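Each chain, letter by letter, is given below.
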Amino acid sequence: MNMMEATFEGMPGLIAPARSTAESDFAKVIDKMREDIRGELLTSYVMSSATEKVLTELWEVRSEASSEGWDGYGAKPLDQASYEFAIRFLNALPASAPLPEVSAAGDGEVALDWIFGERKALTVTIGRTGRCTFAWMLGQSTHRGTVWIDDEIPAAIAFALGQLARDASANRVR
Amino acid sequence: MNKLRTRPMPDSFYPPADGELSVVHSTGLPDHEVWEIGRTHALGDQPGRDRIRGRADVPVKALIDRKLSAIRDDNPFKRHTSVIGWPTSDDADQQKQQRTGICLELSQDPDVKLIIPESPIVHTA
């Protein structure tokens, strides 16, 4: 039974949106339980306030980067469509996934960055078409790609975030 | 820089549309002179240029390792340098992806040092 594509394997407590193709009654009960737990987490004060904090930061970033040349070096204003896709992206993050730092890129896109430690980082820029350009590093390996966001976190980015979060979690345990 | 003030952000290195990232050739300069160049040439009345919160010191080797070049042109001011050689592609997505990868690597390179002044350097009229 492959219930989750965008999971954070190895990180206890992380709940990603379920994507089940299973049809048995038992699988449906498990799906329902998972969704109930996820709903509880999403509406809990701690989880929602963390996401809201990042959304507030994004809103502040948009205000700061709303005019041409906002950085003093000819940057484009933050694109409204990029902003809206970024909101969609942040809202689709699994409830207890690490949250990114948000900033405006000089080309009008939204930049999301996760830094977990030395040479352990993920950067995603979100464009006006929902295109997510991403790169991530774990040790000496650098990976990159281009994916499009729809109603959930693109699997390649969820995978990268999961790998980095799992590594960070493992290092905390040691 | 990131909130913990430990690393420069990847987008700090992303080149503008002309593919020339403006930097300063700081080799051999004492720290206070590097800041002075920033004070004189980076600060201004334009939005976003009211203060300097930090700088990234990038060894040329970090650029060469990524097939970039630093060309000192002393224009528009002495020691002005352009970082060029960013990958190009007919496919805009591909180009952005390649450049984003390089920027992330530079931001995470242990030889690239984030230097933060004791207090932000502020523009004074």
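In the block above lies the structure referred to throughout.
Cut-off values and rules
Residues numbered from 1 in each chain as written. Chains lettered and ligands numbered in written order. Predicted model: local features only at pLDDT ≥ 70, side-chain atom pairs only at ≥ 80, totals over all residues. Heavy atoms only, no water. Helix = DSSP H or I, 4+ residues; strand = E, 2+ residues; numbered from the N terminus. Expected span 1.5 Å × (residues − 1). Buried < 20%, exposed > 50% of the residue type's maximum accessible area, 1.4 Å probe, protein only. Arc of directions from axis to C-beta. 1 Å grid on protein atoms, 1.4 Å probe; cavity = no way out; pocket = protein on both sides within 12 Å on 5 of 7 lines; lining within 4 Å. Points joined across faces, edges and corners; volume = space filled by probe spheres on them. Nonpolar A, V, L, I, M, F, W, Y, C, P; charged D, E, K, R; others polar. Pairing = 2+ DSSP bridges. Axes fitted to C-alpha atoms, helices over the stretch in contact; angles between N-to-C directions. Contact = heavy atoms within 4.5 Å. Buried area = accessible area lost by both parts, 1.4 Å probe. Salt bridge = Lys/Arg side-chain N within 4 Å of Asp/Glu carboxyl O. Phe/Tyr/Trp six-rings, centres within 6.5 Å; stacked < 30°, edge-to-face > 60°. Lys NZ or Arg CZ within 6 Å of the ring centre and 35° of its normal.

Novice: For helix H3 (residues 92-108) of chain B, give the residues involved together with the corresponding values.
Specialist: A rise of 1.5 Å per residue sets the reference length of H3 of chain B, with its 17 residues, at 24 Å; its end C-alpha atoms lie 24 Å apart and thus fit the reference within 8%. With 13 of its 17 residues buried, H3 of chain B lies for the most part within the structure.

Novice: Summarise helix H1 (residues 31-41) of chain B; cite the residues concerned and give the values.
Specialist: Along H1 of chain B, the residues that are buried comprise Val-34, Trp-35, Ile-37 and Gly-38 of chain B. Taken end-on, H1 of chain B shows its buried residues confined to a sector of 150°, consistent with a single buried face.

Novice: Please set out the layout of surface pockets residue by residue, giving values where relevant.
Specialist: Considering only enclosed or pocket space, the second largest pocket measures out at about 200 Å³ in volume. Taken together, Pro-98, Leu-99, Pro-100, Glu-101, Asp-113, Trp-114, Ile-115, Phe-116 and Gly-117 of chain A together with Asn-2, Leu-4 and Thr-6 of chain B form the lining of the second largest pocket. Per-element tally for the lining of the second largest pocket: the top contributor is strand S2 (residues 110-117) of chain A, with five residues. Residue composition of the lining of the second largest pocket, by class: seven nonpolar, three polar and two charged.

Novice: Quick one: what's the story with the sheet that holds strand S1 (residues 21-24) of chain B, residue by residue and with numbers?
Specialist: Hydrogen bonding along the main chain pairs the strands of a sheet, whether they run parallel or antiparallel. All names here are of chain B. Reading across the sheet, the three strands line up as S1-S5-S4 and stay open at both edges, with antiparallel pairing between neighbours. For this open sheet the edge positions go to S1 and strand S4 (69-72), each flanked by a neighbour on one side alone. Here the strands of the sheet are splayed against their neighbours by 35° on average, with no regard to which way each runs.

Novice: Quick one: what's the story with the pairing of strand S5 (residues 141-148) of chain A, residue by residue and with numbers?
Specialist: Residues and elements named next belong to chain A. As paired elements, strand S4 (residues 131-138) and S5 share eight bridges and run antiparallel to each other. Its bridge partner lying in S5, Cys-132 is registered against Val-147. Connecting S4 to the antiparallel partner S5 that follows it, the hairpin turn spans two residues, and Gly-139 within it adopts a positive phi of roughly 70°.

Novice: Describe the interface of chain B and chain A, with residues and values.
Specialist: Contacts between the two partners involve 25 residues from chain B, matched on the other side by 32 residues from chain A. Summed over both sides, the interface between chain B and chain A buries roughly 2,300 Å², with carbon and sulfur atoms accounting for 55% of that surface. The largest per-residue losses of area from chain B upon contact with chain A belong to Lys-96, Gln-97 and Gln-108 of chain B, which jointly make up 25% of the total buried on that side. Where chain B touches chain A, the interface holds three salt bridges. Taking the shortest distance from any N to any O, the salt bridge between Asp-107 of chain A and Lys-96 of chain B comes out at 2.5 Å.

Novice: Go over empty space enclosed by the protein with me, naming the residues and quoting the values.
Specialist: On inspection of all chains with the given rule, the structure shows two cavities of 30 Å³ or more. Its boundaries defined by the atoms lining it, the largest cavity holds a volume of some 60 Å³. Looking at the largest cavity, the residues that line it are Ala-111, Asp-113, Thr-123 and Thr-125 of chain A together with Pro-10, Asp-11, Tyr-14, Lys-96, Thr-100 and Cys-103 of chain B. Sorting the residues of the lining of the largest cavity by element identifies S2 and strand S3 (120-126) of chain A together with H3 of chain B as the ones contributing at least two each. Considering each element in turn, the lining of the largest cavity owes the most residues, three residues, to H3 of chain B. Class assignment of the residues belonging to the lining of the largest cavity gives a composition of four nonpolar, three polar and three charged.

Novice: Report on the environment of Arg-5 of chain B, specifying residues and quantitative values.
Specialist: Residue and element names in this part refer to chain B. Relative to the helices and strands, Arg-5 resides in the segment before S1. Sequence-wise, Arg-5 and Gly-54 are 49 residues apart; in three dimensions their C-alpha atoms are separated by 9.1 Å. The contacts of Arg-5, once residues within four sequence positions are left out, are Leu-114 and Ile-116.

Novice: Requested: an account of the packing of aromatic side chains, with residues and values cited.
Specialist: In total, this model carries two aromatic pairs over all chains according to the counting rule given. Measuring from centroid to centroid gives 6.4 Å for Phe-89 of chain A and Trp-114 of chain A, while their planes differ by 50°, and the two rings are tilted. With Phe-89 of chain A in helix H3 (residues 80-92) and Trp-114 of chain A in strand S2, the pair connects residues that are 25 residues apart, well separated along the chain. For the pair Phe-89 of chain A and Trp-114 of chain A, one class covers both residues: buried. Taking 6.1 Å as the distance between ring centres and 80° as the angle between the ring planes, the aromatic pair formed by Trp-136 of chain A and Phe-159 of chain A counts as edge-to-face. With Trp-136 of chain A in strand S4 and Phe-159 of chain A in helix H4 (residues 155-173), this residue pair connects regions lying 23 residues apart in the sequence. Judged by its relative accessible area of 48%, Phe-159 of chain A is partly exposed. Note that Arg-55 of chain B overlies the ring of Trp-35 of chain B, its terminal NZ or CZ placed 4.6 Å from the centroid. One cation-aromatic arrangement involves Lys-96 of chain B over Tyr-14 of chain B; the distance from NZ or CZ to the ring centre is 5.1 Å.

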